Amino acid sequence: MSAEVINKEDGSRAPAGEKSKAATILKVSDLKIHFPIHKGLFRKRVGEVKAVNGVSFEIKQGETLGLVGESGCGKSTTGRAVLRLYDPTAGEVIFEDRDIAALSAEEMRATRPRMQMIFQDPQACLNPRMTVGSIIAEPLVEHTSLSGQQRREKVMELLEAVGLNADYVNRYPHEFSGGQRQRIGIARALALDPDFIVCDEPIAALDVSIQAQVVNLLEDLQRERGLTYLFISHDLSMVRHIADRVAVMYLGKIVELSTVEKLFDDPKHPYTQALLSAVPVANPEIEASRERVILTGDVPNPSNPPEGCVFCTRCPVAVKKCFTVPPVWRELNPDQFVACHLVE
Amino acid sequence: MLNYTIRRLILAVPTMLFISFVIFAIIKLSPSDPTAGLPLTIPPEVREKIREALGFNEPFIVQFFLWLKQLVVTEPLYWMNQKFGTEFEIGQRMISYQTRSPVLDLIVQRIPQTLWVVGTSYIVGIIIAVPLGIISAYKQYSVFDQIGTFISMIGFSVPTFFTGVLLILIFSVNLGWFPSIYDTTHVVDSWGSFWYQIKQMIMPVMVLGLFNAAQISRYMRASMLDNLTQDYVRTARAKGVKEQTVVLVHVLRNSMIPVVTVIALNLPSVFGGALITEQVFQVNGLGQLLILAIQGGDVPMVQTVTVIFAVLIVLFNLIADVLYGMLDPRIRYD
């Protein structure tokens with residue numbers, strides 16, 4: 001009883017405290033994914049794109065971790081590596097006490113039902129030559145021993161769970177609108193009752209009017225089924241709405257990770273500050289007068305990142321040290337991590 | 001789909017009329033004489049009479065329609081008389097200038113050889129090309145892919161009259177493994193004669209098969225590469241589907257759409273494109289028939305064989321389109 005009262009007074013800390021009691025479902029430590037660059041007549045390996053370059057975070061049972069950052073910062077690559085859709089170059093991805101990165105192909109396949117993914121492009125992620133029914137049923141064929149009749153029932157049940165008409169089973173993906181296709185993608189991801197879902201920009205390709213519907217659907221499903229989400233997005237207001245904690249990525253590294261309240265109210269890292277200042281404010285008076293941090297220059301080439309802090313080339317407050325010494329990833333306050341020399 | 005097919009078939013009729021007219025015009029424009037190949041001892045008056053008898057002096061347009069009548073009326077009626085014992089009145093059948101025997105009889109005699117040798121080579125080509133394309137794409141830039149690409153480029157760019165002669169030189173002349181000439185009169189009635197049949201087919205089949213495989217495997221590879229990077233493949237992997245199923249069911253099925261079309265579109269070349277190879281190995285098929293007819297100025301023969309090729313091309317274009325509709329649910333014709 002008393003705990004609840006305190007929670008209401010100090011809303012920002014309560015969910016975090018509650019979440020920290022929950023079991024950790026996924027623990028990523030020092031994950032690196034480098035893609036080789038081949039060039040020349042004999043396609044010699046001349047370097048590598050360091051898409052993800054040492055990323056660590058944890059996700060607790062039932063929470064939503066938002067992963068934000070600009071295009072090309074390695075968000076999606078991280079999401080895919082967590083599901084071992086890419087083989088990590090280094091690091092560990094521990095899902096329920098097992099290192100995903102070290103599993104054999106067959107062990108990995110057996111683990112897949114537990115962890116699923118919702119993709120960005122709802123058109124491209126559905127095989128154009130399969131009916132909706134067979135797309136959703138395929139994981140059931142592969143991983144369960146349900147009879148044909150049971151599978152059909154399960155597929156219809158899933159379609160209804162995501163708000164689609166169960167009569168659509170025999171239609172092809174191209175016969176649906178974008179929002180409907182994304183619902184199909186979600187139904188497919190749910191088919192095997194996973195615990196953990198990577199949502200890779202699930203709303204980026206959708207109409208604004210549909211975005212809210214899909215996000216609400218994701219939230220409802222999370223409540224009903226106790227799902228854990230890694231929600232990748234570049235839409236900060238949507239992340240603020242759905243996530244419990246948020247990680248900000250820049251050039252293959254996480255620069256800040258904290259609860260959604262702390263991150264949006266009190267961003268520590270200069271990049272997070274710049275990112276948040278790019279979100280327009282609904283009130284035109286405030287919008288006209290507020291100060292924005294405008295970043296100059298381009299994101300450095302990920303095959304040749306800066307020596308010190310990855311953000312040093314564009315940071316408005318960088319000092320000499322930032323160009324030579326990489327900042328340490330440290331816990332500033334409970335549930336507030338940052339990688340910056342200047343934050344105290 | 002049925003309506004579409006019927007409509008396309010009806011539309012093909014004017015197309016075919018136009019094509020055959022153009023072919024006829026082109027052949028007639030060439031200064032050939034049906035009596036040129038006859039012995040020089042035949043006096044000019046007799047030659048003139050021969051021309052007269054062949055209808056060679058009629059106006060161009062009359063000759064065209066006579067030919068057309070023979071092809072679409074006389075020959076089918078003759079065939080029905082033979083087959084069902086009906087007694088339709090038929091006029092003069094289409095006669096080859098060179099051999100004085102009915103053109104269609106000659107064509108029917110030649111088709112089995114062509115189908116056997118060239119058809120087998122096409123199937124062999126597909127059997128080689130499809131796995132080659134799949135593995136090349138799946139292991140892009142691997143040693144296998146590099147070698148496959150190299151062989152495809154050779155098969156693609158070296159003409160069959162060169163590879164044919166080269167094979168004859170190596171395997172017939174130097175090694176003596178296979179006969180250099182295809183013997184059409186060979187009858188298969190025992191294991192020994194069956195073995196001989198295989199031996200005499202190997203070289204022409206491989207020459208044409210390599211050429212076909214080179215082309216199809218390139219299409220297969222490109223199409224697989226296109227599909228391997230698609231998002232739905234990642235979806236399939238994320239579902240935990242076996243890698244084999246991912247490649248052979250999800251990717252291959254989508255990749256086959258353009259490849260099947262190419263295979264269907266190239267099928268008419270089974271009849272026409274093998275001209276040179278048939279010549280090299282002395283397979284007396286349709287290709288050889290056409291070449292001899294061209295040399296002899298045999299207008300009805302050249303015209304009929306060419307029009308048959310044209311019909312096949314139009315027909316297989318239609319088949320390719322229909323197949324496309326069947327393979328790709330996004331395409332519907334009705």
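Thresholds, definitions, all that
- Residues numbered from 1 in each chain as written.
- Chains lettered and ligands numbered in written order.
- Predicted model: local features only at pLDDT ≥ 70, side-chain atom pairs only at ≥ 80, totals over all residues.
- Heavy atoms only, no water.
- Axes fitted to C-alpha atoms, helices over the stretch in contact; angles between N-to-C directions.
- Helix = DSSP H or I, 4+ residues; strand = E, 2+ residues; numbered from the N terminus.
- Parallel < 35°, antiparallel > 145°, perpendicular 65-115°, else oblique.
- Left-handed = near helix turned anticlockwise from the far one by under 90°.
- Contact = heavy atoms within 4.5 Å.
- Nonpolar A, V, L, I, M, F, W, Y, C, P; charged D, E, K, R; others polar.
- Pairing = 2+ DSSP bridges.
- Patch = residues over 30% accessible without salt bridge, like charges linked within 9 Å, V, L, I, M, F, W, Y side chains within 5 Å.
- Areas by Shrake-Rupley, 256 points an atom, 1.4 Å probe, with all protein chains shown as cover.
- Salt bridge = Lys/Arg side-chain N within 4 Å of Asp/Glu carboxyl O.
- Domains from an automatic or database assignment.
- Buried area = accessible area lost by both parts, 1.4 Å probe.

1. Description of the packing of helix 9 (residues 243-266) of chain B against helix 13 (residues 299-327) of chain B
All names here are of chain B.
Alright, step 1. One way to put it is that helix 9 packs onto helix 13 with a least axis distance of 8 Å and a crossing angle of 165°. In terms of their interaxial angle, helix 9 and helix 13 are classed as roughly antiparallel. The handedness of the crossing between helix 9 and helix 13 is right-handed. For the pair helix 9 and helix 13, the contacting residues are Met256, Ile257, Val260, Thr261, Ala264 and Leu265 in the first and Phe316, Asn317, Ala320, Leu323, Tyr324 and Leu327 in the second.
Alright, step 2. Split into classes, the residues belonging to the contact of helix 9 with helix 13 amount to 10 nonpolar, two polar and no charged.

2. So, the pairing of strand 2 (residues 44-60) of chain A
Residue and element names in this part refer to chain A.
Alright, step 1. Strand direction decides the pairing type here: strand 1 (residues 24-39) and strand 2, joined by 13 bridges, are antiparallel. By the bridge assignment for strand 2, His34 is matched with Lys50.
Alright, step 2. Counting the residues in the hairpin turn of strand 1 and strand 2 gives four residues, including Gly40, whose phi is positive at 85°.

3. Remarks on the environment of Glu287 of chain A
Residues and elements named next belong to chain A.
Alright, step 1. Looking at the element boundaries, Glu287 is found in helix 12 (residues 284-289).
Alright, step 2. On a C-alpha basis, the gap between Glu287 and Val239 in space is 21 Å, while along the polypeptide they are 48 residues apart.
Alright, step 3. The residues touching Glu287, leaving out its near neighbours within four places in the chain, are Pro280 and Val281.

4. A short note on the environment of Ile147 of chain B
Alright, step 1. For Ile147 of chain B, the position within the fold is in helix 5 (residues 143-157).
Alright, step 2. With 11 residues separating them along the chain, Ile147 of chain B and Ser136 of chain B place their C-alpha atoms 9.1 Å apart.

5. Let's talk about the packing of helix 1 (residues 2-29) of chain B against helix 3 (residues 60-84) of chain B
Residues and elements named next belong to chain B.
Alright, step 1. At a minimum axis separation of 11 Å, helix 1 and helix 3 run at an interaxial angle of 130°. Comparing their axes, helix 3 and helix 1 come out oblique. Viewed along their axes, helix 1 and helix 3 form a crossing whose handedness is right-handed. Residue-level contacts link Leu17, Ser20, Phe21, Phe24, Ala25 and Lys28 of helix 1 to Phe60, Ile61, Gln63, Phe64, Trp67 and Leu68 of helix 3.

6. A closer look at the sheet that holds strand 2 of chain A
Residue and element names in this part refer to chain A.
Alright, step 1. One open sheet holds the four strands; their spatial order is 2-1-4-5, and the pairing between them is antiparallel. Strands with a single pairing partner mark the edges of an open sheet, and in this sheet they are strand 2 and strand 5 (98-99).
Alright, step 2. Relative to the sheet, helix 3 (residues 75-82) contacts strand 1, strand 2 and strand 4 (90-95), its axis offset from that of strand 1 by approximately 115°.

7. Things to note about a nonpolar patch on the surface
Alright, step 1. Together, Phe161, Phe162, Leu166, Leu169, Ile170, Val173, Leu175, Trp177 and Ile276 of chain B line one region of the surface with nonpolar side chains, adding up to about 850 Å² of accessible area.
Alright, step 2. The element contributing the most residues to the nonpolar patch is helix 6 (residues 160-174) of chain B, with six residues.

8. A few points about the domain arrangement of chain B
Residue and element names in this part refer to chain B.
Alright, step 1. For chain B, the domain assignment lists domain 1 (2-84) and domain 2 (108-327).
Alright, step 2. Spacing between the C-alpha centres of domain 1 and domain 2 amounts to 32 Å.
Alright, step 3. At the junction of the two partners, domain 1 supplies 17 residues and domain 2 supplies 16 residues.
Alright, step 4. Of the roughly 1,400 Å² buried where domain 1 meets domain 2, counting both sides, 77% is carbon and sulfur surface.
Alright, step 5. Counting across the interface, domain 1 meets domain 2 through one salt bridge.
Alright, step 6. With a shortest N-O distance of 2.6 Å, Arg8 and Asp321 are connected by a salt bridge.
Alright, step 7. Breaking the side of domain 1 that touches domain 2 down by element, the ones donating at least two residues are helix 1 and helix 3.
Alright, step 8. It is helix 1 that contributes the most residues to the side of domain 1 that touches domain 2, 12 residues altogether.

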